[in-house]
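Now for the letters of each chain:
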Amino acid sequence: MTYILSTDDEIVNQMIIEEMLEECCEVVSVDDGVACLESIEERVPDLLLLDISMPRMDGFEVCRNLRAAERTRTL
């Protein structure tokens, strides 16, 4: 089953994404960039949905971190 990591600090957005995709994919939601990177350390998703404006670490910084790491460069 396709694994999607959704990163958004708005709970309503998380709920909408989960509801839309839960029948066809495994969806995990986190609420900020730090939690996103921690989750990816445990398991690299097939698809990452990433908000730009979030607390602790924004989406641009998450992207920079992912591109810098060999394991997630192509995510």
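These numbers come from a predicted model, not from an experiment.

Engineer: For this particular structure, what's the right way to read the overall build of the protein chain?
Structural biologist: On a plain count of helices and strands, the protein chain comes out with three helices and three strands. Computed over its C-alpha atoms, the radius of gyration of the protein chain comes to 12 Å, within 12% of the 11 Å expected for a compact globule of 75 residues. Each of the 75 residues in the protein chain was classed as buried or not, and the buried ones make up 35%. A separation threshold of at least 6 residues defines the contact pool for the protein chain, and within that pool the share at least 24 residues apart is 54%. Counting only carbon and sulfur atoms, one obtains 52% of the accessible surface of the protein chain, whose full area is about 4800 Å². The protein chain carries 6 positive and 18 negative side-chain charges, and their two centres are separated by 11 Å.

Engineer: It is not clear to me how the pairing of strand β2 (residues 25-30) should be interpreted in this structure. Could you clarify?
Structural biologist: Where strand β1 (residues 2-7) lies against β2, six bridges are found, and the strand directions are parallel. By the bridge assignment for β2, Thr 2 is matched with Cys 25. Handedness of the crossover joining β1 and β2 through helix α1 (residues 11-21): right-handed.

Engineer: Quick question: what am I supposed to make of a nonpolar patch on the surface here?
Structural biologist: There is a patch of nonpolar side chains on the surface, built from Ile 11, Val 12, Met 15, Ile 16 and Met 20 and spanning about 540 Å² of accessible area. You can see Val 12 is positioned in helix α1.

How each quantity is defined
- Residues numbered from 1 in each chain as written.
- Predicted model: local features only at pLDDT ≥ 70, side-chain atom pairs only at ≥ 80, totals over all residues.
- Heavy atoms only, no water.
- Helix = DSSP H or I, 4+ residues; strand = E, 2+ residues; numbered from the N terminus.
- Rg over C-alpha atoms; globule rule 2.2 N^0.38 Å.
- Buried < 20%, exposed > 50% of the residue type's maximum accessible area, 1.4 Å probe, protein only.
- Contact = heavy atoms within 4.5 Å.
- Areas by Shrake-Rupley, 256 points an atom, 1.4 Å probe, with all protein chains shown as cover.
- Lys, Arg positive; Asp, Glu negative; His and termini not counted.
- Charge placed at Lys NZ, Arg CZ, Asp CG, Glu CD.
- Pairing = 2+ DSSP bridges.
- Right-handed = clockwise from strand over helix to strand, strands pointing away.
- Patch = residues over 30% accessible without salt bridge, like charges linked within 9 Å, V, L, I, M, F, W, Y side chains within 5 Å.
- Salt bridge = Lys/Arg side-chain N within 4 Å of Asp/Glu carboxyl O.

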